[in-house]
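Residue-level structure breakdown
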Amino acid sequence: MEPEQREQKLKEAIKAENIPHHVAVIMDGNGRWAVERGLPRHEGHRQGVETVRSTVRNCSELGIKVLTLFAFSTENWQRPISEVNFLMSLPGKYFETELPELMRNNVQVRLIGDGKKLPGRVQKAVKDGSEATKDNTGMILNFALNYGSRSEILRAVNNLLAEAKAGSLKGKVDEKLFSRYLYTADLPDPDLLIRTSGEQRISNFLLWQLAYSELWFTDAYWPDFSKIHLMEAVYEYQKRKRRFGSV
Ligand code: FPP
């Protein structure tokens, strides 16, 4: 089937009343995409940014309310310094060129992760992007940068301990209270997690928040992830029966 036909069919099949509210994405396979084309790995990341642009637009158009993208993990510092530097150059470039489009599409940008350990220029780029878009009321776009879920959970525990020690924490900690100490404090948990490139792992991403999310995997590398893949994921999500541990 031609891509246009496939897109049209998916468009007709997707029910507007059951669009996942929050979609989280592990954008994997940039390196392999590049190597398979005889290109240096960073070319995969460069192309990956193009997919970020199109996916943000496509998610917003579909009516997704929160999109969380895993852009740099706490483990990614172990990559060669040249690759880390390249990855660190991306947020600045992205906001430089994308801000007008984000504003036009009413997208609000946020950061999740330990921002303080990012290079100053990255902190500034994200801070400026968040600041410029903070009053936008459309889709929330979370960039997970220097993000690791275990350290996020430990940070929450330590903040709770500090409050307990100071005497400002009364009573027991329940799930609702604990969630408020995570980076995603005021956001609903993801309904759908997408991971590209054929890998089927969570990789220290949103471990608490993904407890009841639907998982969808595709063999496509992130630079090849298209509107059709996104629609397929949403279509598949709509076919799932979410039981949240019930029957
Ligand atoms: C994983 O692929 C991808 C990353 C570690 C980086 C993802 C970043 C982007 C897609 C760009 C982010 C954009 C902005 C604007 C911040 P990999 O390199 O592990 O691929 P491989 O498994 O094939 O080697």
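Quick summary incoming for the structure in this document. (Residues numbered from 1 in each chain as written. Predicted model: local features only at pLDDT ≥ 70, side-chain atom pairs only at ≥ 80, totals over all residues. Heavy atoms only, no water.)

Remarks on the overall build of the chain
Each helix and strand counted, the chain has 8 helices and 6 strands in total. Its helices and strands in sequence order give the chain the pattern α-β-α-α-β-α-β-α-β-α-α-β-β-α, from N to C terminus. In terms of overall size, the chain behaves like a compact globule, its C-alpha atoms giving a radius of gyration of 19 Å where 247 residues would be expected to give roughly 18 Å. Dimensions of the chain, computed from the C-alpha atoms along their principal axes, are close to 65 × 50 × 35 Å. Within the chain, buried positions represent 47% of all 247 residues. When contacts within the chain are restricted to residue pairs at least 6 apart in sequence, long-range pairs at least 24 apart make up 76% of them. (Helix = DSSP H or I, 4+ residues; strand = E, 2+ residues; numbered from the N terminus. Rg over C-alpha atoms; globule rule 2.2 N^0.38 Å. Buried < 20%, exposed > 50% of the residue type's maximum accessible area, 1.4 Å probe, protein only. Contact = heavy atoms within 4.5 Å.)

Some remarks on the site of the ligand
Within the structure, the ligand sits among 18 residues, and M27, G31, R32, R41 and R79 are positioned closest to it. A distance of 3.0 Å separates an oxygen atom of the ligand from a polar backbone atom of G31. With respect to the ligand, the backbone of R32 contributes an N or O atom lying 2.7 Å from an oxygen atom. Computed on the free molecule, the ligand has an accessible area of 630 Å², of which 91% lies beneath the protein chains in the complex. (Near = heavy atom within 4 Å. Polar contact = N/O pair within 3.5 Å; in protein donor to acceptor, adjacent residues only side chain to side chain. Areas by Shrake-Rupley, 256 points an atom, 1.4 Å probe, with all protein chains shown as cover.)

Description of the packing of aromatic side chains
In total, this model carries 11 aromatic pairs according to the counting rule given. Geometrically, the ring pair formed by F72 and W77 is edge-to-face, given 4.8 Å between the ring centres and 70 degrees between the ring planes. According to the relative accessible area criterion, W77 is partly exposed, its value standing at 33%. Members of the aromatic cluster, connected to one another through ring pairs, are F70, Y147, Y183 and F205. (Phe/Tyr/Trp six-rings, centres within 6.5 Å; stacked < 30°, edge-to-face > 60°.)

A few points about the nonpolar core
Ranked by size, the top nonpolar core spans 44 residues in total, and within it V56, L67, L69, Y94, L141, F143 and I194 carry the most contacts. Contributions of two or more residues to this core are made by β1 (22-26), α3 (41-62), β2 (66-73), α4 (81-104), α5 (120-133), β4 (140-147), β5 (192-195) and α8 (227-239). Excluding residues that lie within four positions of it along the chain, Y94 makes contacts with V49, V52, R53, V56, L99, L102, L141 and F143. Core analysis: the next-biggest nonpolar cluster, separate from the first, contains 10 residues, A24, I26, I112 and L206 among them. (Core = buried A, V, L, I, M, F, W, Y, C linked by side-chain atoms within 4.5 Å.)

Overview of the pairing of β2
Summarising burial for β2: 7 of the 8 residues are buried, a large majority. The pairing of β1 with β2 spans 5 bridges and is parallel. When the sheet's bridge partners are listed, V23 is paired in β2 with L67. The pairing of β2 with β4 spans 7 bridges and is classified as parallel. Note on β4: the bridge partner recorded for S73 is Y147. (Pairing = 2+ DSSP bridges.)

Let's talk about the pattern of salt bridges
All chains considered together, the criterion is met by 25 salt bridges. One salt bridge in this structure joins R46 and E43, with 3.0 Å as the shortest N-O distance. On the criterion of helical spacing, the pair formed by R46 and E43 is a turn pair, its members being 3 residues apart in helix α3. Looking at R46, the relative accessible area reads 39%, which means it is partly exposed. A salt bridge links R242 to E214, with the shortest nitrogen-to-oxygen separation between them at 3.8 Å. In this pair, R242 sits in the segment after α8 while E214 sits in strand β6 (residues 214-217), placing the two residues 28 residues apart along the sequence. (Salt bridge = Lys/Arg side-chain N within 4 Å of Asp/Glu carboxyl O.)

None of the figures reported here should be taken as evidence of function without further support.
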